[in-house]
Amino acid sequence: MTPTPKSLILDLLSTLSRGAVPVRALVAAGRLFGIPENRLRVALARLLAAGAVERDEHSHYRLAENAGAVSDQIRSWRHGAEQRQPWSGAWVCVHGRTGDGARGRGARALRFLGFRNLEPGFALRPDNLAGGVEDARLRLARLGLAATARVFQIRALDAASERRARGLWDLRALRSAYRSTIAALDASAARLPRLTRRTAMAESFRLGGAAIGRVVLDPLLPEPLLGASELDELIAAMRRYDRAGRRVWAGWISVEAPDELPVGVLGQSGIVEAARAAEGA
């Protein structure tokens, strides 16, 4: 996965909840992926004009405040277990037009929260996320779901619809992705100390970003459908890799909070592409 100038900037800035990044650091990061300085600066100027990033008086850049919903979703990868609660068998449902087509913000919001279409215009997921239907309603709205869509709970689907609903997620593919991602992370973590610094930085960014994208877009299914420990093992592996990646990136920029140095994440641009690719998972 080679980032575009736009996605690289957003990816890096989305990891920093405090502080700001000088343009020289963004340019240096761009060189790791063969992005010319002029292309990166043009992308940065466009993001600034669009209000996606902000610049302070020292010409340091940070993610704009109005990008918070997607940023919060990305940062949630560490807390998979905390986002789930026991499942009563009820479903959170969304009915109506999302507002902007299959690839717009509304459809993206549904993918972020693990919804799948039972039929056109009717999406659902198990009601096992912390905060229940009310919190799901608020999160979907913040992520861009149209106000005309209705978000509600259903407790008793008919038997045929229940079977169809439980089969909307490819559990075999999810389990396979967990195992292969864990293996790739562990193999890379063992390899990073032997690589040149530039190669290690690029590898940890790409692989860390792909793994975080997998976690962020996970449907967080309840235990009756998919064992919770399987996702927890992936999150634990990503945390290990996060520590290894931070050591590799430690010299990229001096930041007061070293735990927030980037390992590789999917920012607002990259996460949309990952969401589209994962739509059928």
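See the structure above.
Rules of the game
- Residues numbered from 1 in each chain as written.
- Predicted model: local features only at pLDDT ≥ 70, side-chain atom pairs only at ≥ 80, totals over all residues.
- Heavy atoms only, no water.
- Core = buried A, V, L, I, M, F, W, Y, C linked by side-chain atoms within 4.5 Å.
- Buried < 20%, exposed > 50% of the residue type's maximum accessible area, 1.4 Å probe, protein only.
- Contact = heavy atoms within 4.5 Å.
- Pairing = 2+ DSSP bridges.
- Helix = DSSP H or I, 4+ residues; strand = E, 2+ residues; numbered from the N terminus.
- Axes fitted to C-alpha atoms, helices over the stretch in contact; angles between N-to-C directions.

**Student:** Requested: an account of the nonpolar core, with residues and values cited.
**Tutor:** Leu124 and Leu140 are the most contacted members of the largest nonpolar core, which totals 76 residues. Beyond its immediate stretch of four places on either side in the chain, Leu140 contacts Val94, Ala109, Leu110, Leu113, Phe115, Leu145 and Val151.

**Student:** Now, about the sheet that holds strand β3 (residues 60–63): what can you tell me, with residues and values included?
**Tutor:** An order of β1-β3-β2 is seen for the three strands of this open sheet, with the pairing classed as antiparallel. Looking along the sheet, the strands with just one partner apiece sit at the ends: β1 (21–22) and β2 (53–55). Here β1 pairs with β3 via two bridges, running antiparallel. Paired with Val21 across the bridge in β3 is Tyr61. Taken strand by strand, helix α1 (residues 5–13) contacts β1, β2 and β3, and its axis lies near 80° from that of β3.

**Student:** Summarise the environment of Arg62; cite the residues concerned and give the values.
**Tutor:** For Arg62, the position within the fold is in strand β3. Residue Arg62 is classed as partly exposed on the basis of its relative accessible area of 30%. In this structure the C-alpha to C-alpha distance between Arg62 and Val21, which are 41 residues apart in sequence, comes to 6.4 Å.

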